[in-house]
Amino acid sequence: MLSGVVAIYIFMLAAFTGYEVISRVPVILHTPLMSGSNFVHGIVLVGAMFALFNASSLLEQIIGFVGVLLAAGNAVGGYVVTERMLEMFKSSGVRKAHGEHK
Amino acid sequence: MRFIDASAAKWVIDTAYILVAFLFVTGLKRMSSPATARGGIFWAGLGMVIATLVTFLAPIAAPELSELAHTNMMLVIIAIGMGGALAWWSGKRVAMTDMPQMIALYNGMGGGAAAAISAVELYKTGTHGAAFSTLAVLGGLIGSLSFSGSGIAFGKLQGLIKRSFRFNGQQFINIIVLISTVVIGLLIAGGFATSVAAITTFFALALVLGITMTLPIGGADMPVVISLYNALTGLAVAFEGFVLDNAAMIIAGTVVGSAGTLLTQLMAKAMNRSLANVLFSGFGEGASTTSGPLTGSQKAIEASDAGVMMVFAQKIIIVPGYGLAVAQAQHKVWELAQLLQNRGVTVKFAIHPVAGRMPGHMNVLLAEAGVPYDLIADLEEINAEFETTDVSLVIGANDVVNPVARNDKSSPIYGMPILNADQSRNVIVIKRGQGQGFSGIDNGLFYLDNTRMLYGDAQSAVNQLIQAIKSVE
């Protein structure tokens, strides 16, 4: 599907995108953002699923199974901890508004 | 079984992946600002769900169904269920202080998954192009490295591995392992060694390399290493994306690879360390450099006196460090801050980039306690304000407020940006005892005329301060 040159274009543009997206991040978000990017590479799950779907021997099935297991851990775990951290970031305005509703 | 034909299934998958890539980039973009960060993880999460669901169409999109198709489908569902449930359970119950090692663990899993994909593709006997094999080998190498390296990082921060293993000639052994891994990798990529034994040896060596590279690195440097492995896993995922011809993996992996590299550099810079320095030298612990003896003595203060001093202050800056997190005192500190606010005192929190165990970790801990993020300032925002501050309250922080970093060229931390707590009118330091900081460097701040030491565990000391302030009429 992807020819070599197109693949290199995608690689290059995606690399610039990643750099640009992160370049203005404040320090207070470094840890959640690292966790968030950790979650995003959980997309490896999709590849592991392909590998296991196409497994044609017991060895491939075993490795593929471990791969999907690990990838699912990466994706789900990454999401849960990132969400937990970001959920706590609130400004004082938001807090006061919540207080008044109670 | 086929409810849609192969070409339609392929179209659905490819189109969905474009949407997924868009959601990931949007999500990351939103995550880089506090106000939109929560929405960011939601969008990225939605992308992941869509990607996973459409991938179940993959067997339909394949040219022919293998006889193992049904078994494999079951295996996929079981593996996702098991891996997902375990990660959900562990992610929900991990304490905020343990977050860095948990990120290391999940990251290692991603690296392991990338290596597993590479292994499956390489073990498959068949016609491999040179480009295909090279990318599979590269992804396999980086993924394995990240897998075992992150495992060691987790073990160290979790306290499972207590000491750093260092011996003479260690770098030499690392280089030998690295060279042998690369040589076998080249042979596999070139199609000269395709036996199961050769491929297995390659992966075994790559895993060993991750372990031997990470073991000598000290605990203080671990955040940078974790961030580096995070970037590497992204890169491995991108390489496997090329192998599988999967655009979503290429884009997401590359974005994480470059974003992670930048983040690693930012962290290393905040710690005044170069990346090469972190990886190839053994600072981080036990570098016992004693600069010239500091003159003067440490002057102790009672909590009651400190409380009075704080109540009658106009402006207080609280400087929290890792000692605060260890004592789980962040909730108490927020209670103290609110008490002072009610008395009309302006309270701010000053966070050094490396306070806590990784940049931004202390912000997470304060946010957990309920401190609004607009009261929290980073180094560049707040350093000019110390001069107009009545009391700086330093809790469990040491090296990040050490004026030696500004004055003493012979000190190993010379040049590291510090919080200028020493410039405020009064400094109260809460500290367990008269010991030295993480780096083993004596702290000039503790000997200044305007500094008073309040000895004790952060939790109990802050508690005493709260009682003291409450008793001031």
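Residues numbered from 1 in each chain as written. Chains lettered and ligands numbered in written order. Predicted model: local features only at pLDDT ≥ 70, side-chain atom pairs only at ≥ 80, totals over all residues. Heavy atoms only, no water.

*Asks:* Hey, could you run me through the packing of helix 4 (residues 58-87) of chain A against helix 5 (residues 99-123) of chain B in this one?
*Replies:* Any two packed helices are characterised by the angle at which their axes cross and by the distance between the axes. Between helix 4 of chain A and helix 5 of chain B, whose axes approach to 8 Å, the crossing angle comes to 155 degrees. By the angle between their axes, helix 4 of chain A is roughly antiparallel relative to helix 5 of chain B. Both helix 4 of chain A and helix 5 of chain B take part in a crossing whose hand is left-handed. Along the lines of polarity and charge, the residues of the contact of helix 4 of chain A with helix 5 of chain B split into 16 nonpolar, 8 polar and 1 charged. (Axes fitted to C-alpha atoms, helices over the stretch in contact; angles between N-to-C directions. Helix = DSSP H or I, 4+ residues; strand = E, 2+ residues; numbered from the N terminus. Parallel < 35°, antiparallel > 145°, perpendicular 65-115°, else oblique. Left-handed = near helix turned anticlockwise from the far one by under 90°. Nonpolar A, V, L, I, M, F, W, Y, C, P; charged D, E, K, R; others polar.)

*Asks:* Before we go on, may I ask you to explain the packing of helix 2 (residues 30-40) of chain A against helix 4 of chain A in this structure?
*Replies:* All names here are of chain A. Relative orientation of the contacting elements helix 2 and helix 4 amounts to 155 degrees, with a least axis distance of 8 Å. With respect to each other, helix 2 and helix 4 are oriented roughly antiparallel. Viewed along their axes, helix 2 and helix 4 form a crossing whose handedness is left-handed. Listed contacts from helix 4 to Thr31, Pro32, Ser35, Gly36, Asn38 and Phe39 of helix 2 are Asn74, Ala75, Gly78, Tyr79, Val81, Thr82, Met85 and Leu86. When its residues are assigned to classes, the contact of helix 2 with helix 4 shows 7 nonpolar, 7 polar and no charged. (Contact = heavy atoms within 4.5 Å.)

*Asks:* When you look at unusual backbone geometry in this model, what are you seeing that I'm missing?
*Replies:* All names here are of chain B. The backbone of Asp245 shows a phi angle near 60 degrees, a positive value even though the residue is not glycine. Counting through the fold element by element, Asp245 comes out in the loop between helix 9 (222-244) and helix 10 (247-270). When its relative accessible area of 30% is taken as the criterion, Asp245 is described as partly exposed. (Buried < 20%, exposed > 50% of the residue type's maximum accessible area, 1.4 Å probe, protein only.)

*Asks:* Which parts of the structure should I look at to understand the pairing of strand 2 (residues 346-351) of chain B?
*Replies:* When a strand is regular, its side chains alternate between the sheet's two faces. Residue and element names in this part refer to chain B. Bridging between strand 1 (residues 315-320) and strand 2 involves 4 bridges; their strand directions are parallel. Bridge assignment links Ile316 to a residue of strand 2, and that residue is Val347. Sheet analysis places strand 2 next to strand 3 (residues 376-378), joined by 3 bridges and oriented parallel. From the neighbouring strand, Ile351 faces strand 3, where its bridge partner is Asp378. Each parallel crossover has a hand, and for strand 2 linked through helix 15 (residues 361-369) to strand 3 it is right-handed. (Pairing = 2+ DSSP bridges. Right-handed = clockwise from strand over helix to strand, strands pointing away.)

*Asks:* Help me understand the side chain of Asn72 of chain B, please; the structure alone is not making it clear to me.
*Replies:* Within the fold, Asn72 of chain B resides in helix 4 (residues 69-93). Within the structure, the side chain of Asn72 of chain B is placed 3.1 Å from the backbone oxygen of Phe53 of chain A, a separation counted as a polar contact. (Polar contact = N/O pair within 3.5 Å; in protein donor to acceptor, adjacent residues only side chain to side chain.)

*Asks:* I keep staring at the confidence of the model for chain B and nothing clicks. Help me out?
*Replies:* Close inspection of predicted coordinates is inappropriate in any region flagged by low pLDDT. All names here are of chain B. Of all residues in chain B, 92% have pLDDT values of 70 or greater, and the mean over the chain is 86. Note on residues 283-291: pLDDT under 50 across the span, and 18 contacts to partners over four residues away in sequence or across chains. As a predicted assembly, this complex carries a pTM of 0.82 together with an ipTM value of 0.89. (pLDDT = per-residue confidence, 0-100.)

*Asks:* Explain the interface of chain A and chain B to me, please; I cannot follow it from the model alone.
*Replies:* In many analyses, interface size is given as the accessible surface area lost on bringing the parts together. At the junction of the two partners, chain A supplies 80 residues and chain B supplies 103 residues. Each partner contributes to the roughly 8,400 Å² buried at the junction of chain A and chain B, and carbon and sulfur atoms together form 78% of this total. At the junction of chain A and chain B, the tally comes to 2 salt bridges. Glu83 of chain A is paired through a salt bridge with Arg38 of chain B; the nearest N and O atoms lie 3.6 Å apart. Here chain A and chain B share 17 residue pairs in polar contact (both at pLDDT 80 or more) between them. Elements that contribute at least two residues to the side of chain A that touches chain B include exactly helix 1 (4-23), helix 2, helix 3 (44-53), helix 4 and helix 5 (92-101) of chain A. If one sorts the elements of the side of chain A that touches chain B by residue count, helix 4 of chain A sits on top with 27 residues. Split by residue class, the side of chain A that touches chain B holds 48 nonpolar, 25 polar and 7 charged. (Buried area = accessible area lost by both parts, 1.4 Å probe. Salt bridge = Lys/Arg side-chain N within 4 Å of Asp/Glu carboxyl O.)

*Asks:* I keep staring at the pattern of salt bridges and nothing clicks. Help me out?
*Replies:* It is possible for side chains bearing opposite charge to pair when their charged atoms get close. A complete count under the given rule lists 10 salt bridges over all chains for this structure. Bridged by salt links that share partners, the residues Lys315, Lys348 and Glu385 of chain B form one connected network.

*Asks:* Please explain the nonpolar core as it appears in this structure.
*Replies:* A general trend in soluble globular proteins is that nonpolar side chains are found buried together. Residues Ile43 of chain A together with Phe349 of chain B are the most contacted members of the largest nonpolar core, which totals 168 residues. Every residue in contact with Ile43 of chain A, bar those within four places of it in the chain, is listed here: Val20, Phe24, Met48, Ala51, Val237, Ala248, Met249 and Ala252 of chain B. (Core = buried A, V, L, I, M, F, W, Y, C linked by side-chain atoms within 4.5 Å.)

*Asks:* Where do I start with helix 15 of chain B in this structure?
*Replies:* The α-helix winds at 3.6 residues per turn, so residues separated by three or four positions along the chain end up facing the same way. The element helix 15 of chain B is extensively covered by neighbouring structure, given that 8 of its 9 residues are classed as buried. When helix 15 of chain B is considered as a whole, its buried residues turn out to be His361, Met362, Asn363, Val364, Leu365, Leu366, Ala367 and Ala369 of chain B.

*Asks:* How should the sheet that holds strand 5 (residues 426-431) of chain B be read in this particular structure?
*Replies:* Hydrogen bonding along the main chain pairs the strands of a sheet, whether they run parallel or antiparallel. Residues and elements named next belong to chain B. An order of 3-2-1-4-5-6 is seen for the 6 strands of this open sheet, with the pairing classed as parallel. Among the strands making up the open sheet, the edge pair consists of strand 3 and strand 6 (451-455). Going from strand to strand, the sheet's axes swing by 25 degrees on average, the running direction of each strand aside. As paired elements, strand 5 and strand 6 share 5 bridges and run parallel to each other. Bridging across to strand 6, Val429 finds its partner in Met453. Helix-sheet contacts for helix 14 (residues 330-342) involve strand 1, strand 2 and strand 4 (391-395), and the interaxial angle to strand 2 is about 145 degrees.

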